[in-house]
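Residue-level listing of the chains:
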Amino acid sequence: MHPFDPGYAHAPYATLVGDYPGPDTYPAKDFRVEWGPIFHRGRLDGSARVLVIGQDPAAHEAITRRILVGTAGRRFQGFLNKLGIDTSYVLINTFLYSVYGQHSGTLHATDPAIARYRHAWLDTLVTHNQIEAVIALGGLADTAFHTWRKDPGSAAYDGAYAHILHPTYPDSAAASEADQAAAMKQLTTNWNNALTHLRPSTTPDTPRPFTPYGDTLTPTDLAAIPEADLPPGLPAWMRSDEPWATRQGATPAAKRATITVQIPEDQRPF
Ligand code: URA
């Protein structure tokens, strides 16, 4: 049997996904609205104990229609693993659509209409699950969390909170190799501190002794995206460690319109 994510057929999620905001709320100059909204990854059956706020979907997510499945997702899945959380999580992003342009995320960080729909998801998730910890990935997610906290709907939540560096912070923060190594160390130190803070208040699916990160993320620190998190029938290579989706194009417009999908060489049965 292949486990799969059954999607959004039932209330309250059926209503939420049927009522998503479009370009009136997310301007096309600042968001890749043409790739459609991408809502979540993880449990919608009431079993989530950890609620995660990511930033915005990228190329891999546009294809799988679930969030945090690329490099950022595999790094963060490893963080959940160190928390002992194997299945009891649910992830949403700050933005439903991929951010286009360097400053667009910040520009729309507190837009009321964007927040309204995000709050509808957050309110629903804390009402229908026993959430013990909320984790925000990066500064925009942290702003999203605190904006929600000012809203009466968030009053139902009284668990732990951690704002951690975004999983791809080292890639975006640094140009030179030395800077990149320093940024990696910053990330692993930050994540170790967050794990120390969160572990006492989080009930693990699988209790594990705490094994802190070293100075950099190693291949064993990444975790696979579970098959059960993706829609039925997606091929296994869509969960593989190598990147398989890239934006390509000779002009900004062509690049925005094109995602090239290629099966990693070692995943080909031919
Ligand atoms: N992909 C997502 O869906 N969210 C992130 O924050 C990063 C990559």
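Going by the structure above, here's the rest.
These figures come from a predicted structure and were not determined experimentally.

Asks: Tell me about the packing of helix α5 (residues 112–128) against helix α6 (residues 139–149), and please be specific about residues and values.
Replies: One can describe the packing of α5 onto α6 by two numbers: an axis separation of 10 Å at closest approach and a directional angle of 75 degrees. Considering their axes alone, α5 and α6 lie roughly perpendicular with respect to each other. When α5 is examined against α6, the residues A115, R118, H119, L122, D123 and V126 are found in contact with a partner set consisting of A144, T147 and W148. Class assignment of the residues belonging to the contact of α5 with α6 gives a composition of five nonpolar, two polar and two charged.

Asks: Describe the side chain of S98, naming the residues involved and giving the relevant values.
Replies: Structurally, S98 is set in the loop between β3 (89–93) and α4 (104–107). Residue class for S98 comes out buried when judged on its relative accessible area of 8%. Reaching out from S98, the side chain makes a polar contact with the side chain of R247 at a distance of 3.5 Å. Excluding residues that lie within four positions of it along the chain, S98 makes contacts with D30, F31, R32, D56, P57 and R247.

Asks: A description of the packing of aromatic side chains should follow, citing residues and the corresponding values.
Replies: Taken as a whole, this structure holds 16 aromatic pairs when the rule is applied. Aromatic side chains F79 and W191 sit 5.3 Å apart centroid to centroid with 80 degrees between the ring planes, which places their arrangement in the edge-to-face category. Here W191 lies in helix α8 (residues 177–198) and F79 lies in helix α3 (residues 71–82), a separation of 112 residues in the sequence. Assigned by exposure class, F79 and W191 land together as buried. Seen in terms of ring centroids, W191 and Y213 are 5.8 Å apart; in terms of plane orientation they differ by 65 degrees. Their pairing is edge-to-face. Of the two residues, W191 sits in helix α8 while Y213 sits in the loop between α8 and β6 (245–247), which places them 22 residues apart along the sequence. Given a relative accessible area of 0%, W191 falls into the buried group. By relative accessible area, Y213 is classed as buried at 5%. Ring-pair connections join several aromatic residues into one group, and the members of that group are Y8, Y13, Y20, F39 and W121.

Asks: Hey, could you go over unusual backbone geometry for me, with residue numbers and the actual values?
Replies: With an omega dihedral of 0 degrees, the bond running from A11 to P12 counts as a cis peptide bond. With respect to the helices, strands and loops of the structure, P12 is situated in the segment before α1 (13–18). Residues other than glycine seldom take positive phi values, yet R65 does so here, at roughly 65 degrees. Turning to its location among the elements, R65 is positioned in the loop between α2 (59–64) and α3. Of note, L68 is a non-glycine position whose phi angle comes to about 50 degrees, a positive value.

Asks: Account for the nonpolar core, naming residues and giving values.
Replies: Y26, F31, L51, W121, L125 and V134 are the most contacted members of the largest nonpolar core, which totals 35 residues. Mapped by element, the contributors of at least two residues to this core are α1, β2 (50–54), β3, α5, β4 (133–137) and α6.

Asks: I'd like a description of α6, backed by residues and values.
Replies: Of the residues making up α6, those classed as buried are L140, A141, D142, A144, F145, T147 and W148. Here the buried face of α6 lies against β2, α4, α5, β4 and β5 (160–164).

Asks: Give me the sheet that holds β3: which residues, what numbers.
Replies: Across the sheet, which stays open at both edges, the five strands sit in the order β1-β3-β2-β4-β5 with mixed pairing between neighbours. In this open sheet, the two edge strands, each paired with only one partner strand, are β1 (40–42) and β5. Strand-to-strand twist of the sheet, defined as the mean angle between neighbouring strand axes without regard to direction, takes the value 15 degrees. Two elements, β4 and β5, share five bridges in a ladder whose sense is parallel. Among the inter-strand pairings, V134 is bridged to a residue of β5, identified as Y161. On top of the sheet, α8 reaches β4 and β5; it is set at about 175 degrees to β5, its chief contact.

Scoring rules and cut-offs
Residues numbered from 1 in each chain as written. Predicted model: local features only at pLDDT ≥ 70, side-chain atom pairs only at ≥ 80, totals over all residues. Heavy atoms only, no water. Axes fitted to C-alpha atoms, helices over the stretch in contact; angles between N-to-C directions. Helix = DSSP H or I, 4+ residues; strand = E, 2+ residues; numbered from the N terminus. Parallel < 35°, antiparallel > 145°, perpendicular 65-115°, else oblique. Contact = heavy atoms within 4.5 Å. Nonpolar A, V, L, I, M, F, W, Y, C, P; charged D, E, K, R; others polar. Buried < 20%, exposed > 50% of the residue type's maximum accessible area, 1.4 Å probe, protein only. Polar contact = N/O pair within 3.5 Å; in protein donor to acceptor, adjacent residues only side chain to side chain. Phe/Tyr/Trp six-rings, centres within 6.5 Å; stacked < 30°, edge-to-face > 60°. Core = buried A, V, L, I, M, F, W, Y, C linked by side-chain atoms within 4.5 Å. Pairing = 2+ DSSP bridges.

Remember that the coordinates give geometry; whether it matters functionally is a separate question.
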